[in-house]
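Next come the chains, spelled out residue by residue.
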Amino acid sequence: MKETNNHFSYAIMSAHVIFAKLAALERQIFDFLGYQWAPILANFLHIIVVILGLFGTIQYRPRYIVVYTVWTAFWVAWNVFVICFYLEVGGLSKETDLMTFNISIHRSWWREHGPGCVRRVVPAPASRNLGDHSFISVTGCIIEFQYLEVIHSAFQILLSLIGFVYACYVISVFTDEEDSCKYQCIRRQQ
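Cut-offs applied
Residues numbered from 1 in each chain as written. Predicted model: local features only at pLDDT ≥ 70, side-chain atom pairs only at ≥ 80, totals over all residues. Heavy atoms only, no water. UniProt positions renumbered as here; feature names shortened; annotations may be inferred. Salt bridge = Lys/Arg side-chain N within 4 Å of Asp/Glu carboxyl O. Buried < 20%, exposed > 50% of the residue type's maximum accessible area, 1.4 Å probe, protein only. Helix = DSSP H or I, 4+ residues; strand = E, 2+ residues; numbered from the N terminus. Core = buried A, V, L, I, M, F, W, Y, C linked by side-chain atoms within 4.5 Å. Contact = heavy atoms within 4.5 Å. Polar contact = N/O pair within 3.5 Å; in protein donor to acceptor, adjacent residues only side chain to side chain. Expected span 1.5 Å × (residues − 1). Phe/Tyr/Trp six-rings, centres within 6.5 Å; stacked < 30°, edge-to-face > 60°. Patch = residues over 30% accessible without salt bridge, like charges linked within 9 Å, V, L, I, M, F, W, Y side chains within 5 Å. Areas by Shrake-Rupley, 256 points an atom, 1.4 Å probe, with all protein chains shown as cover.

- With an unreviewed UniProt entry as reference, the chain is termed Sodium/potassium-transporting ATPase subunit beta-1-interacting protein, source organism Eleutherodactylus coqui.
- Quoted verbatim from the Subunit (unreviewed entry) field of the UniProt record, the comment on the chain reads "Interacts with atp1b1 C-terminus."

In structure tokens:
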């Protein structure tokens, strides 16, 4: 019975990790579309560690799951920062180029392509010498882009907290199995 429960918990952990990876891939796509280099790098690292956690779960390697567990703390902290950034908490401003490492003036993809948003290209005023630059006007958005980014980050936090709990449980199961194996080996030697 105990072995059946262990396989069930491994299956749940594996399914959770796969779902977390898919959610991170979805987020990665939209960050690439918006040229958000800081989130792209963070998402990439997250995907690598999630794969490592999946491998650790499948291969019964608790050290890999410990790495995943530690990473979830950093991932939660990153997502809290993203929430604070888009809600402009503590002097942060969503209008800065912080998420692009000051390489470009790109912003969140959701800024112009959110649900219900109508995007219009408005030519630059003739009085300014901006070359062929134009302005973009966005109106009619059902949900403002910063709230979509906050929802994405909050969802990632929720997945990470669930993953942390499952990972701790699986680590404890691995540890119990190792301890019982060591106890049986010592008994056999006597």
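1. Brief notes about the pattern of salt bridges
Point 1. Within this structure, the stated rule accounts for two salt bridges.
Point 2. The partner of Arg-119 in a salt bridge is Glu-112, and the shortest N-O contact between them spans 2.6 Å.
Point 3. For Arg-119, a relative accessible area of 42% translates into the label partly exposed.

2. Topic: the UniProt feature "transmembrane region" (unreviewed entry) in the chain
Point 1. Here the UniProt-annotated "transmembrane region" (unreviewed entry) positions come out as residues 7–25, 37–58, 65–89 and 154–174.
Point 2. The annotated region residues 37–58 carries 100% helix and 0% strand content, and the separation between its end C-alpha atoms amounts to 32 Å.
Point 3. Between the first and last C-alpha atoms of residues 65–89 the distance is 33 Å; the span itself is 88% helix and 0% strand.

3. Things to note about the nonpolar core
Point 1. Within the largest apolar cluster, 27 residues are counted, with the highest numbers of intra-cluster contacts made by Met-13, Val-17, Ile-65, Tyr-68, Trp-78, Tyr-86 and Met-99.
Point 2. Those elements giving two or more residues to this core turn out to be α1 (2–33), α2 (37–58), α3 (62–86) and α5 (145–189).
Point 3. In terms of residue count, the dominant contributor to this core is α3 (10 residues).
Point 4. Apart from the residues lying within four places of it in its own chain, the contact partners of Met-13 are Thr-57, Tyr-68, Gly-163, Tyr-166, Ala-167 and Val-170.

4. Let's talk about the side chain of Asn-79
Point 1. The topology assignment puts Asn-79 in helix α3.
Point 2. Side-chain polar atoms of Asn-79 contact the side chain of Ser-153, separated by 3.4 Å.
Point 3. With near-sequence residues (within four places) excluded, Asn-79 lies in contact with Arg-27, Ser-153, Gln-156 and Ile-157.

5. Concerning α2
Point 1. Here α2 spans 32 Å end to end across 22 residues, near enough to the 32 Å set by a 1.5 Å rise per residue.
Point 2. One or two positions beyond α2, positive phi appears at Tyr-60, with a value near 55 degrees.

6. Focus: the environment of Cys-141
Point 1. For Cys-141, the position within the fold is in the loop between β2 (134–139) and α5.
Point 2. Along the chain, Cys-141 and Glu-112 lie 29 residues apart, while their C-alpha atoms are 8.7 Å from each other.
Point 3. In this structure, Cys-141 is in contact with Pro-115, Gly-116 and Cys-117, ignoring residues within four places of it in sequence.

7. Here's the deal with the packing of aromatic side chains
Point 1. Going through the model one piece at a time under the given rule, you end up with 13 aromatic pairs.
Point 2. With centroids separated by 6.1 Å and ring planes inclined at 50 degrees, the aromatic side chains of Tyr-35 and Trp-37 adopt a geometry described as tilted.
Point 3. Ring geometry for Phe-85 against Tyr-86: centres 5.0 Å apart, planes inclined by 85 degrees, an arrangement best described as edge-to-face. Considered together, Phe-85 and Tyr-86 belong to a single accessibility category, that of buried residues.

8. Side note on a nonpolar patch on the surface
Point 1. A grouping of Phe-32, Tyr-35, Trp-37, Leu-41, Phe-44, Leu-45, Ile-48, Phe-101 and Ile-103 is seen on the molecular surface, where their side chains present a nonpolar patch of about 900 Å² in accessible area.
Point 2. Looking at which element gives the most residues to the nonpolar patch, the answer is α2, with five residues.
Point 3. Mapped onto the fold, Phe-32 is located in helix α1.

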